[in-house]
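In case you want the letters, here they are:
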Amino acid sequence: MAEYSGVLVCGEVVEGKVSSLTAELLGCSRKLADSLHEPAMLVLVGSEVSNLASQGAALGADKVFVADDALLKEYQTDAYLSVLAKLVADTSPRYILFGQSAIGRDLAPRLAFRIGAVLTTDCIELGVDPQTKGLLQTKPVYGGNARAIFTSPSFPQLATVRQKAMSPLQPDASRKAEVVTLAVKVDPAVMKSKLLQTVKEEAAGIKLEDAPIVVCGGRGIGSADGFKQLEELARMLKGAVGATRPACDSGWVPAHVQVGLTGKIVTPDLYIGVAISGASQHMAGCSGSKVIVAINKDPEANLFKEARYGVVGDWKQALPAFVNKVKELLAG
């Protein structure tokens, strides 16, 4: 029977750097590992990623595994899976963490099936059961109306974690980690798919998920022209515009600004919800905001229950007054 030990983070590299989501996972893994008195580990798979090991150390990893090969330059399920499956077999980590990203959602269930382990997806909290050392995995259920805690009696235990659900550590360049270079032998024959083209969507301004202030509109905005007023306020506040699913489905704004259970998760310092009812599916994407402000003509709107401040009234009157006040304060 294998002796399981340590927390392994399956990292992602974005534009030549350890991704922000990986940094969040490392912050979480550091706390879990300290609780267990076991190592926090990171694996980086890709091409020319060896030089990123120091970033992993600075963000909390005790040991960094590097799988560096030209055939791993672009994410390819079968190749990445073969690397991770061998690493897990050789190292027997207690927990394995992925981000709830496009890669994590694809790779984590495949790895769980390959090694015969249990996976919990879309977690927002992780903890350690002091009795069993099992991973306590909290995730939203019933459309975000409740939270459930899952655990398993077997190891290793796998989880994917929502972006912004965890906090990264402050990078410490003085931190050192043991770096282990994996002997990678990627068989091109196992690669059943091939990346033909990557199309990057150009977006002006700050990314929605990174914005400190989010101005979000709902179905009650009524048109694409209405969202232009929200965009003006967001620019003034150096924030970003979000939207509910009905607004995106109506074509008023692009789908990539959708906030909610089936959209993006945001945790800004300030979230301004305009003409939003506050359905549970939407709140699942913004309930982690530090301060929520609601503007809605319906005093019974659910968003008011979540908001610290609220304005009951027609947004077409309330928002221009708010914008004028912000202009006055910025000018002063």
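Below: a short report on this structure. (Residues numbered from 1 in each chain as written. Predicted model: local features only at pLDDT ≥ 70, side-chain atom pairs only at ≥ 80, totals over all residues. Heavy atoms only, no water.)

**Considerations on helix α4 (residues 102–115)**
Residues spaced three or four apart along an α-helix point in a common direction, a consequence of the helix completing one turn every 3.6 residues. Under the convention used in this document: Only DSSP runs of H or I covering at least 4 residues are called helices, and only runs of E covering at least 2 are called strands; the numbering of each starts at the N terminus. Multiplying 1.5 Å by the residue count of a helix minus one yields the expected span of that helix. Residue burial is assigned from relative accessible area. The probe radius is 1.4 Å, only protein chains are included, and a residue is buried under 20% of its type maximum, exposed over 50%, and partly exposed in between. Taken from the helix axis, the directions to the C-beta atoms give the arc we talk about. Contacts are assigned to residue pairs that have any heavy atoms within 4.5 Å of one another.
Over its 14 residues, α4 runs 21 Å from end to end, which matches the ideal 20 Å to within 8%, given 1.5 Å per residue. Those residues of α4 not exposed but buried are G104, L107, A108, L111 and A112. Buried residues of α4, seen end-on, are gathered within an arc of 135° and therefore sit on one face of the element. Along α4, exposed side chains directed more than 90 degrees from the buried face belong to A102 and F113. Residues of α4 that are buried make contact with α3 (77–91), β6 (95–99), β7 (118–123) and β11 (157–161). Looking at the residues trailing α4, positive phi occurs at G116, about 70°.

**Overview of the sheet that holds strand β16 (residues 291–296)**
Selection criterion: Strand pairing is assigned whenever DSSP detects at least two bridges linking the two strands. Lines fitted to the C-alpha atoms define the axes, with helices restricted to the stretch that makes contact. Angles between their N-to-C directions range from 0 to 180 degrees.
Pairing is parallel in the open sheet, where five strands are placed in the order β14-β13-β15-β16-β17. Each of the sheet's edge strands pairs with one partner strand only, and the pair in question is β14 (240–243) and β17 (309–312). Here the average twist between neighbouring strands, direction ignored, is 15°. The pairing of β16 with β17 spans four bridges and is parallel. Paired with V293 across the two strands is Y309, which belongs to β17. Each of β13 (213–217), β14 and β15 (270–274) is contacted by helix α5 (residues 224–236), which is oriented at about 145° to β14, the strand it contacts most.

**What about the packing of α5 against helix α9 (residues 315–331)?**
Stated formally: Here the word oblique covers every angle except those under 35 degrees (roughly parallel), over 145 (roughly antiparallel) and from 65 to 115 (roughly perpendicular). Here is the rule for handedness: rotate from the far helix to the near one, and if that takes an anticlockwise turn smaller than a right angle the crossing is left-handed, while a clockwise turn gives right-handed.
Viewed as axis vectors pointing N to C, α5 and α9 meet at an angle of 25°, and their least axial separation amounts to 10 Å. Looking at the two axes, α5 sits roughly parallel to α9. For the pair α5 and α9, the crossing hand works out as left-handed. Residues G226, Q229, L230, E232, L233 and M236 of α5 pack against W315, L319, P320, F322, V323, V326, K327 and L330 of α9.

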